[in-house]
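# Architecture and fold: a report
For reference, the chains in residue letters:
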Amino acid sequence: GTNGGADDTGVGYVYGGYVSGDGTAEDNTVTISSGVIGETSGYVYGGYAKNGTAKNNKVIMKDGQVDIPAPKTSGYVYGGCVSSGTAEGNTVTLSGGTIGNTSGTVAGGYVSAGGTAQSNSVIVSGGTIGSKEEEGIGCVYGGYVVSGTASDNSVSIHSGTVGNCNGYVYGGYAESGTVSGNAVSVYGGVIDGIGYVHSGYVYGGCVSGGTAADNSVIISGGTIGTGDGYVYGGYVSGDGTAEDNTV
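The structure contained in this document is the topic of the report that follows. Please read all numbers here as calculations on a predicted model, not as lab measurements. (Residues numbered from 1 in each chain as written. Predicted model: local features only at pLDDT ≥ 70, side-chain atom pairs only at ≥ 80, totals over all residues. Heavy atoms only, no water.)

## A few points about the overall build of the protein
Regarding its fold elements, the protein presents zero helices and 21 strands. Against the 2.2 N^0.38 benchmark of 18 Å for 247 residues, the protein shows a C-alpha radius of gyration of 16 Å, consistent with a compact globule. Along the first, second and third principal axes, the C-alpha atoms of the protein reach 45 × 45 × 25 Å. Residue burial in the protein is summarised as follows: out of 247 residues, 53% are buried. When contacts within the protein are restricted to residue pairs at least 6 apart in sequence, long-range pairs at least 24 apart make up 78% of them. Here the protein has roughly 9,000 Å² of accessible surface; of this, 43% comes from carbon and sulfur atoms. Once the 6 positive and 20 negative side-chain charges of the protein are each reduced to a mean point, those two points are 8 Å apart. (Helix = DSSP H or I, 4+ residues; strand = E, 2+ residues; numbered from the N terminus. Rg over C-alpha atoms; globule rule 2.2 N^0.38 Å. Buried < 20%, exposed > 50% of the residue type's maximum accessible area, 1.4 Å probe, protein only. Contact = heavy atoms within 4.5 Å. Areas by Shrake-Rupley, 256 points an atom, 1.4 Å probe, with all protein chains shown as cover. Lys, Arg positive; Asp, Glu negative; His and termini not counted. Charge placed at Lys NZ, Arg CZ, Asp CG, Glu CD.)

Structure (structure tokens):
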């Protein structure tokens, strides 16, 4: 369909499973094969629970668009998402289509406040995240948490493009807390697709303040940065500890 689930502001929403309060969203699947979700921005959730657990949910995207290719539009795809609680075992698989024009964000498991993101994954084998030339920003997270723990999440890039301006890939990310045992594998594709002044960034695990431990990055192909490329096994941007990370 076109503009699936869009409200009167042009924002489109698609949920495989939805819990508006406390509870569990589990074993839900969204499959996208064509069409457009949203005009100004689009959001896709395999499973969503406001407070509680999002577990073993999936988004499979083969083609189509999450937001239309217009100026200043954004697309967001989450395997499993909670405001606070646990996102566990959720998956996003992207083999085609476009997520976001000026910015696109993909996360296997996403916790927008406090909690745990664990054992979530993203597999990219085609498509584009952040498609606008010279402006598109693409971000991919195996697991994301604002405050808490991101552990044992993974991202695999086989083909496709993450960011046509700048591209960012994180196995696990936390604004504060602990990121441990997360992994990124790059076998092909492009992280930062166009322009010699633009950059690609890959982090096994990244935390603004806290601990990054036992995270890893494996690179056996692909392009990281058509301008500059940066690869970190574990990265702490503020105060904290980075230990036993590998590239």
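## Overview of the pattern of salt bridges
A side chain of one charge can pair with a side chain of the opposite charge if their charged atoms are brought near each other. All chains considered together, the criterion is met by one salt bridge. Salt-bridge contacts for lysine 132 lead to glutamate 135; the nearest nitrogen and oxygen are separated by 3.5 Å. The exposure class of lysine 132 is partly exposed, given its relative accessible area of 22%. Taking relative accessible area as the criterion, glutamate 135 reaches 34% and is therefore assigned partly exposed. (Salt bridge = Lys/Arg side-chain N within 4 Å of Asp/Glu carboxyl O.)

## Re the packing of aromatic side chains
Considering all chains together, one arrives at 22 aromatic pairs under this definition. With 4.8 Å between their ring centres and 5° between their planes, tyrosine 15 and tyrosine 45 make a pair best called stacked. Taken as a pair, tyrosine 15 in strand S1 (residues 11-26) and tyrosine 45 in strand S4 (residues 41-55) lie far apart in primary sequence, 30 residues in all. A ring pair is formed by tyrosine 201 and tyrosine 230, whose centres lie 5.0 Å apart and whose planes are at 10°; its orientation type is stacked. Separated by 29 residues along the polypeptide, tyrosine 201 in strand S17 (residues 199-213) and tyrosine 230 in strand S20 (residues 228-236) bring together distant segments of the chain. Residue tyrosine 201 is classed as buried on the basis of its relative accessible area of 18%. Tyrosine 230 sits in the partly exposed class, given a relative accessible area of 32%. (Phe/Tyr/Trp six-rings, centres within 6.5 Å; stacked < 30°, edge-to-face > 60°.)

## Observations regarding a nonpolar patch on the surface
Side chains of Tyr13, Tyr15 and Tyr18 sit close together on the surface and give an oily, nonpolar patch of about 300 Å² of accessible area. As for its position among the elements, tyrosine 13 is in strand S1. (Patch = residues over 30% accessible without salt bridge, like charges linked within 9 Å, V, L, I, M, F, W, Y side chains within 5 Å.)

## So, the environment of asparagine 166
Note that asparagine 166 resides in strand S14 (residues 166-180). If we skip the residues at most four places from it in the chain, asparagine 166 touches Gly136, Ile137, Gly138, Asp192, His198 and Ser199. A distance of 2.8 Å separates a polar side-chain atom of asparagine 166 from the backbone nitrogen of serine 199. (Polar contact = N/O pair within 3.5 Å; in protein donor to acceptor, adjacent residues only side chain to side chain.)

## Section: the pairing of S4
Judged from the 13 bridges that link them, S1 and S4 form a sheet pairing that is parallel. Opposite glycine 12, over in S4, you have glycine 42 as the bridge partner. (Pairing = 2+ DSSP bridges.)

## Focus on the environment of tyrosine 232
Mapping tyrosine 232 onto the fold places it in strand S20. By relative accessible area, which is 26% here, tyrosine 232 ends up partly exposed. In the structure, tyrosine 232 is positioned 26 residues away from cysteine 206 in sequence and 8.5 Å away in space, judged by C-alpha atoms. Excluding residues within four positions of it along the chain, tyrosine 232 makes contact with Val202, Tyr203, Gly204, Val217 and Val247.

## Let's talk about unusual backbone geometry
With a phi close to 60°, aspartate 214 is a non-glycine residue in the positive phi region. Topologically, aspartate 214 is positioned in the loop between S17 and strand S18 (216-219). Positive phi, normally seen in glycine, also occurs at aspartate 244, with a value near 60°. Along the chain, aspartate 244 turns up in the segment after strand S21 (240-243).

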